[in-house]
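# Structural overview for review
Read off the chains here:
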Number of protein chains: 2
Amino acid sequence: MGLIVQKFGGSSVANADKIRNVAKIITKTYDDGNDVIVVLSAQGDTTDDLIAKAGELNSKPSKREMDMLLATGEQQSIALCAMAIEAMGYPVISLTGWQVGMKTNSSYGGARIKRVDCERIRAELDKRCIVIVAGFQGVNKRDDVTTLGRGGSDTSAVALAASLGADLCQIYTDVDGVYTADPRKIKGARKLEEISFDEMLELACLGSQVLHNRSVEMAKRYHVNMEVLSSFSGLPGTKVKEVVKPVENSHIVGVAKDTDIARIALVGLSDRPGIAFRVFSLLAKRKINVDIILQSIGREESKDISFTVSKADVDAARDILEEYKEAIGFHSVHVSEDVAKISIVGSGMINNPGVAADMFGALYNANININMISTSEIKVSVLVDIRDADHAVQVIHDKFFAEFG
Amino acid sequence: MGLIVQKFGGSSVANADKIRNVAKIITKTYDDGNDVIVVLSAQGDTTDDLIAKAGELNSKPSKREMDMLLATGEQQSIALCAMAIEAMGYPVISLTGWQVGMKTNSSYGGARIKRVDCERIRAELDKRCIVIVAGFQGVNKRDDVTTLGRGGSDTSAVALAASLGADLCQIYTDVDGVYTADPRKIKGARKLEEISFDEMLELACLGSQVLHNRSVEMAKRYHVNMEVLSSFSGLPGTKVKEVVKPVENSHIVGVAKDTDIARIALVGLSDRPGIAFRVFSLLAKRKINVDIILQSIGREESKDISFTVSKADVDAARDILEEYKEAIGFHSVHVSEDVAKISIVGSGMINNPGVAADMFGALYNANININMISTSEIKVSVLVDIRDADHAVQVIHDKFFAEFG
């Protein structure tokens, strides 16, 4: 018994049957004595269809009008879902972003939530109404419609849970939780019962598509308990919260692979102070995020710097470096896109210095070469050849989760 | 130069090409130095598609949720049209019903406009922005979305024109004006340059589908000059206004046919006082509108009463009359659905008593039998056999508009 926010993504409400399925989950939660707030995305391909319609009229429409257009998708979902719940005989009301007072800044297409005025929702909950809210959308101070960008509906759900002090924010999706590795590829991968916010954030950064970082960051900041679960399986999912009990016999929660990455090497840098500062401040000015950095001292007063960026930033990075080649002073730029980043994540590794060594040992035994290494308090990442990537994940996963295989 | 409200119906914005056509009309009006407010309906079949989607989930959805769903159709139209106008390089902004402060009562599905808060529109017009407003929708005092029912977008347009003191409210549709008779059926039918509000109201009541009565009534009350014209032909349309110059050589503006009508006859009523009162108050209580009434004195202290109702009300009318047969005291009920009402409309006929006689003469010469007659200050209606209907319209039209045939 409590206040539960449930978020369902576009695939969970893609057609009438799926909406009825979602309505069953919602009314079951309500029947268990909970107050229920539901956040919905647009149905299936609705958003893509609307973007295509816009493209017929304007190759570069203003973001304000695009948000006005796209916000209709979620409004349709909530009305249809409310109708399905009405048909089951429950009290229900749908509310748009502006009706629930989801106030954002004016960054159309990627707006940030500033606050949520909760009076309307509270009034409906007091009447024991199930409240269905349009995700992904808000309204700025001029009362213009905004959308929240990628992962927007998850963020809407967490913002509502935070503002209303919900006991739990359930994110229903098409996977049934967070796994120790991609279960479609890695033998022995298993679902986690729990994961901490920090671990989830690292996993999300490392290419796990389960939750968007913005929502996890917000949940962490406002102490919102989350759960990731499937709207189809009916099984318990993975809880995301502040402190979790350790996974049995393991100091890590997962092994992740990121192939959207490229390595850039600056070769033959003159060995002067301030070179690294010059290189990385140049990239920062162009808003290019750099991940792993490796600096090697070469022979005869020259050195090399290697670093990784996302594949989308490769060309921009190369261009700016070539442009400033003389000012920086280097011999050549080498780019390799055939690399993958393999990472282990776990709060437990802070107190267990052997974890990184175990990871390197597993790769050594499998004859996989490590290009670069990066560590944080709860993560160890290595760069390997992309052809070795899946094998690398498997042997590392075997090493840490062998007993569950 | 002035403030012009332009309303485009669903067929005028049904696809990208049609939206571009509408955008041309709008920007042309803007280029002529006018402030322009545009009111749009939902695209083509959007509303029907949404109703079908709702039907999959709930055979009788609440009107509140239906309005929430349907209002998305107009919101999509306005965003898309704004994008088309942006692409032409004009300043433009789309606004929903709630954003323009279209305040209504809470009769979901058929809400009445209570007032329009015009600040936002005025602010945008002051910036020389073209303002695109979602028709058909408003918001009640709880900030819930409402829709205005049939003819709603026309009514939105007139309400905005009235509130902002517009110089003209243009209703663009798929016909290019108001005709003296249905131009697809009647030889010699011609477009009127002007028509008065009262004449337009009579014609609308008589089955002319050009404008919905609610919008004409509102335009009359608030002295809004209207014009009906085609978004495709580019030709001048028909002006609807308070006082019009007479159509040359004719005292009438049009001949209309209404086949959505049935005649009910109560035969063998005892000739007591208060019989008519009893019959028609019974029907009024069931909200059955009665149109033409004919009372005939029969032989031997009995009489008959005939009257017309719309076809949709026939069963309800017969049921209530049969239920009260003894209380009223009559012999039998006869119903005929094979009838049509043919009417002539025109302010000029008040001062020209020969007009009705001319109409009857035309029918007599064509050997068409008149069942019932009803007259008002600006209208004469006759009931004829449905098989004679089109011929009746033609001969009456020939009589009054022969010189233009």
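Criteria and thresholds
- Residues numbered from 1 in each chain as written.
- Chains lettered and ligands numbered in written order.
- Predicted model: local features only at pLDDT ≥ 70, side-chain atom pairs only at ≥ 80, totals over all residues.
- Heavy atoms only, no water.
- Helix = DSSP H or I, 4+ residues; strand = E, 2+ residues; numbered from the N terminus.
- Rg over C-alpha atoms; globule rule 2.2 N^0.38 Å.
- Contact = heavy atoms within 4.5 Å.
- Areas by Shrake-Rupley, 256 points an atom, 1.4 Å probe, with all protein chains shown as cover.
- Lys, Arg positive; Asp, Glu negative; His and termini not counted.
- Charge placed at Lys NZ, Arg CZ, Asp CG, Glu CD.
- Pairing = 2+ DSSP bridges.
- Axes fitted to C-alpha atoms, helices over the stretch in contact; angles between N-to-C directions.
- Least-squares fit on C-alpha atoms with pLDDT ≥ 70 in both.
- Buried area = accessible area lost by both parts, 1.4 Å probe.
- Salt bridge = Lys/Arg side-chain N within 4 Å of Asp/Glu carboxyl O.
- Polar contact = N/O pair within 3.5 Å; in protein donor to acceptor, adjacent residues only side chain to side chain.
- Phe/Tyr/Trp six-rings, centres within 6.5 Å; stacked < 30°, edge-to-face > 60°.
- Buried < 20%, exposed > 50% of the residue type's maximum accessible area, 1.4 Å probe, protein only.
- Lys NZ or Arg CZ within 6 Å of the ring centre and 35° of its normal.
- Core = buried A, V, L, I, M, F, W, Y, C linked by side-chain atoms within 4.5 Å.
- Expected span 1.5 Å × (residues − 1).
- Parallel < 35°, antiparallel > 145°, perpendicular 65-115°, else oblique.
- Nonpolar A, V, L, I, M, F, W, Y, C, P; charged D, E, K, R; others polar.

Turning our attention to the overall build of chain A. Assigned secondary structure in chain A consists of 12 helices and 20 strands. Against the globule reference of 22 Å for 405 residues, chain A gives a C-alpha radius of gyration of 24 Å, in line with a compact fold. The principal-axis extent of the C-alpha atoms belonging to chain A is close to 80 × 55 × 35 Å. Sequence separation of 24 or more characterises 74% of the internal contacts of chain A that already satisfy a separation of 6 or more. A total of about 17,600 Å² of accessible surface is found on chain A, and carbon and sulfur atoms cover 48% of it. Looking at chain A, you have 47 positive and 54 negative side-chain charges, and the mean spots of the two groups are 3 Å apart.

On to the sheet that holds strand β20 (residues 379-385) of chain A. All names here are of chain A. Pairing within the open sheet is antiparallel, and its 4 strands lie in the order β13-β18-β20-β19. The sheet terminates laterally at β13 (254-258) and β19 (372-376), the two strands that pair on one side only. Taken over all neighbouring pairs, the strand axes of this sheet differ in orientation by 20 degrees on average, direction set aside. Where strand β18 (residues 339-345) meets β20, 7 bridges bridge the pair, whose relative direction is antiparallel.

Our next topic: the relation of the copies chain A and chain B. Superposition of chain A onto chain B requires a rotation of 180 degrees combined with a translation of 0.1 Å along the rotation axis, giving an RMSD of 0.2 Å. Within this description, the copies of the chain are treated as partners about a two-fold rotation axis. Measuring from the rotation axis to each C-alpha of chain A, the shortest distance belongs to A:Thr72, at 2.6 Å. A share of 100% of interface residues in chain A that are also interface residues in chain B marks the association as one of identical surfaces.

Below, the discussion takes up the interface of chain A and chain B. On the chain B side, the residues contacting the 44 residues of chain A number 44 residues. Carbon and sulfur atoms supply 56% of the area that chain A and chain B bury against each other, a total of about 3,600 Å² over both sides. Contact with chain B buries surface across chain A, with A:Leu57, A:Met83 and A:Trp98 losing the most and accounting together for 20% of the total. Across the contact surface, chain A and chain B share 3 salt bridges. B:Asp144 is the partner of A:Arg120 in a salt bridge, and the nearest nitrogen-oxygen pair spans 2.9 Å. Put simply, chain A and chain B have 22 residue pairs in polar contact (both at pLDDT 80 or more) between them. Contributions of two or more residues to the side of chain A that touches chain B are made by α1 (16-31), α2 (46-57), α3 (63-87), β3 (92-95) and α4 (119-126) of chain A. Here the side of chain A that touches chain B gets 17 residues from one element, more than from any other, and that element is α3(A).

By the secondary structure assignment, B:Val243 is in the loop between β12 (238-241) and β13 (254-258). Once the C-alpha coordinates of B:Val243 and B:Met372 are considered, the two residues, 129 residues apart in sequence, prove to be 31 Å apart.

All names here are of chain A. Inspection of the sheet shows β19 paired to β20 by 5 bridges, in the antiparallel sense. Note that in β20 the partner of Met 372 across the bridge is Leu 383. Here β19 folds back onto β20, and the loop between the two strands holds 2 residues.

Let's shift gears to the side chain of A:Ser156. Residue and element names in this part refer to chain A. Looking at the element boundaries, Ser 156 is found in helix α5 (residues 152-164). Polar contacts involving the side chain of Ser 156 include one to the main-chain amide nitrogen of Phe 136, which spans 2.9 Å. With residues up to four places along the chain from it excluded, the contact list for Ser 156 reads Val 39, Met 102, Ile 113, Gly 135, Phe 136, Gln 137 and Leu 148.

Residue and element names in this part refer to chain A. The sheet built from 8 strands is open, its strands ordered β3-β6-β2-β1-β9-β11-β12-β10 with mixed pairing. The sheet is open, and its two edges are formed by β3 and β10 (194-196), each paired on a single side. Strand after strand, the sheet turns through a mean of 20 degrees between neighbouring axes, direction not considered.

Bringing the packing of aromatic side chains into the picture now. All names here are of chain A. Under the criterion given, the structure shown has 7 aromatic pairs over all chains. Relative to Tyr 90, the ring of Tyr 30 has its centre 5.7 Å away and its plane inclined at 85 degrees; by these criteria the two rings are edge-to-face. Taken as a pair, Tyr 30 in helix α1 and Tyr 90 in the loop between α3 and β3 lie far apart in primary sequence, 60 residues in all. Its relative accessible area of 19% is what places Tyr 90 among the buried residues. Above the face of the Tyr 30 ring, Arg 128 is positioned so that its terminal group lies 4.2 Å from the ring centre.

All names here are of chain A. Tracing the backbone shows Thr 104 in strand β4 (residues 102-104). Residue classification places Thr 104 among the buried residues on the basis of a relative accessible area of 3%. Setting aside its immediate chain neighbours within four residues, Thr 104 contacts Ala 111, Arg 112, Ile 113, Lys 114, Gly 138, Val 139, Asn 140, Lys 141, Thr 146 and Leu 148. A distance of 2.8 Å separates the side chain of Thr 104 from the side chain of Thr 146, its partner in a polar contact.

This part covers the pattern of salt bridges. One pass over the full model with this rule turns up 43 salt bridges over all chains. Between A:Asp182 and A:Arg184 there is a salt bridge; the shortest N-O distance is 3.1 Å. One connected set of salt bridges, linked through shared partners, spans A:Arg64, A:Glu65, A:Arg142, A:Asp144, B:Arg120, B:Glu124 and B:Lys127.

The next subject is the nonpolar core. A:Ile26, A:Ile132, B:Ile26 and B:Ile132 are the most contacted members of the largest nonpolar core, which totals 78 residues. Apart from residues lying up to four places away in sequence, B:Ile26 is in contact with B:Gln6, B:Phe8, B:Val36, B:Val38, B:Cys81, B:Ile85, B:Ile130 and B:Ile132.

Let us now look at the side chain of A:Ser231. All names here are of chain A. Structurally, the position occupied by Ser 231 is in the loop between β11 (226-230) and β12 (238-241). Side-chain polar atoms of Ser 231 contact the side chain of Ser 12, separated by 2.7 Å. If sequence neighbours within four positions are ignored, Ser 231 has contacts with Phe 8, Ser 12, Asn 21, Ile 25, Tyr 172 and Thr 173.

All names here are of chain A. Between the first and last C-alpha of α3 there are 37 Å, a value that for 25 residues agrees with the 36 Å anticipated at 1.5 Å per step. Extensive coverage of α3 is indicated by the burial of 23 of its 25 residues. Gly 89 lies just past α3 and shows a positive phi near 90 degrees.

All names here are of chain B. The N-to-C vectors of helix α5 (residues 152-164) and helix α7 (residues 213-221) enclose an angle of 10 degrees; their axes lie 8 Å apart at closest approach. By the angle between their directions, the pair α5 and α7 is classed as roughly parallel. Taken together, the residues of α7 that come into contact with α5 (itself represented by Asp 154, Thr 155, Val 158 and Ala 159) are Arg 214, Ser 215, Met 218 and Ala 219. Here the contact of α5 with α7 is built from residues that sort into 4 nonpolar, 2 polar and 2 charged.

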